[in-house]
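Listed here are the chains, written in short residue letters.
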Amino acid sequence: MRRLFPVTDETVNRTPGEAPPGEGEGGVREGSGGDGAGGVGRAHLVDREWSPAELAAAYAYPGLGPRGAAGAAGSGAGSGGPEVWLRANMVSTLDGAGQHDGRSQPISSAADMRIFGTLRALADVVIAGAETVRKEGYRPARARAEFAELREAAGQGPVPAIAVVSASLNLDFSLPLFTSPLVPTLILTGAAAAPDRIAAAEKAGARVVVAGDGVGVEPARAVRALAELGHTRLLTEGGPRLLGQLVAAGVLDELCLTVAPMLTAGDAQRIAGGPSVAVPQRFALVSLLEEEGFLFSRYRRP
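To keep things clear, this report deals only with the structure shown in the data block. Just so it is clear, the model here is predicted, and its values are computed rather than measured.

Moving on to the overall build of the protein. When you go through the protein residue by residue, the secondary structure sums to 9 helices and 10 strands. Within the protein, counting contacts between residues at least 6 apart in sequence, those at least 24 apart form 69% of the total. Total accessible area computed for the protein in this model is approximately 14,200 Å², and 54% of it derives from carbon and sulfur atoms.

Laid out in structure tokens, this is it:
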């Protein structure tokens, strides 16, 4: 993996495969503790597999250093950072397909999955739509030893909670996502959800969070409800319908988009669906990584 953006003199002047000067053994620059969340160290210009710590630093939430120095709340208190931050992680082919045969795995890669795991390790909660949970076979988040110290320093539990967005609560509560998570699975739903399904969810060990007055979930209320539970570093993995709702509601702060060097044709969904917004929302590119032709971009709300 190598960093393509932000651009530095080293990026422009170095030929492909050329190791920049001043690096120690293993491609790590001597005298450098890494480039943190936003800097560009020379070691990041070499095409090599990045360590979990380097990926965590590259994808750190705003206001948080690579060791979660902003405090347990994750709100950036004292640093001028935001109180809550919602990022999305999605993958798309060159021709705009957000999945193939109904799943994202065929258009993913090993590097994409490493970033997927890193983003989960940094989050307080992972939000997913019920259809995505069913299609992708969601399981509870697993504890990762390489991120344990970082999560502890940030005041986080061993794993992020999984929050399922569902109006109908038409979910199989016998699955491990509900029966054996390290932290209780959350279900975001509306106040008009069927009482018997709420009871079934709670009996299975899930925590039901009301985030809407009707049968559905209101995105802004969902963000507030999760923040009130102490979850301020939010990550959504879609699917397209949920991401489209978040975009339309104007609550998405950041998009981490993997562009796969593949063409699929067909009629697969884009990464975001639903009604279009009145005026296209402009986001700013803050980072671009590359490995084996896959591009890993980060865009933020200006």
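Evaluation of the coordinates by the stated rule reveals 2 aromatic pairs. Here Phe 173 and Phe 178 contribute two aromatic rings whose centre-to-centre distance is 5.0 Å and whose plane-to-plane angle is 75°, an arrangement assigned as edge-to-face. Each of the two residues, Phe 173 as well as Phe 178, counts as buried. Judged by centre distance (6.5 Å) and plane angle (15°), the rings of Phe 294 and Phe 296 are stacked. One exposure class covers both Phe 294 and Phe 296, and it is buried. The ring of Tyr 61 has Arg 87 lying over it, and the distance from NZ or CZ to the ring centre is 4.1 Å.

In this section: the pattern of salt bridges. Considering all chains together, one arrives at 14 salt bridges under this definition. Measuring nitrogen to oxygen at the nearest pair gives 2.8 Å for the salt bridge that ties Glu 290 to Arg 2. Of this pair, Glu 290 sits in strand E9 (residues 284–291) while Arg 2 sits in strand E1 (residues 2–5); the two residues are 288 residues apart in sequence, bridging distant segments of the chain. On the basis of relative accessibility, which here comes to 11%, the residue Glu 290 falls in the buried class. For Arg 2, a relative accessible area of 33% puts it in the partly exposed group. Asp 213 is the salt-bridge partner of Arg 221, the closest N and O atoms lying 2.6 Å from each other. Overall, the relative accessible area of 24% leaves Arg 221 in the partly exposed class.

Thresholds applied
- Residues numbered from 1 in each chain as written.
- Predicted model: local features only at pLDDT ≥ 70, side-chain atom pairs only at ≥ 80, totals over all residues.
- Heavy atoms only, no water.
- Helix = DSSP H or I, 4+ residues; strand = E, 2+ residues; numbered from the N terminus.
- Contact = heavy atoms within 4.5 Å.
- Areas by Shrake-Rupley, 256 points an atom, 1.4 Å probe, with all protein chains shown as cover.
- Phe/Tyr/Trp six-rings, centres within 6.5 Å; stacked < 30°, edge-to-face > 60°.
- Buried < 20%, exposed > 50% of the residue type's maximum accessible area, 1.4 Å probe, protein only.
- Lys NZ or Arg CZ within 6 Å of the ring centre and 35° of its normal.
- Salt bridge = Lys/Arg side-chain N within 4 Å of Asp/Glu carboxyl O.

In short, geometric facts, not functional conclusions.
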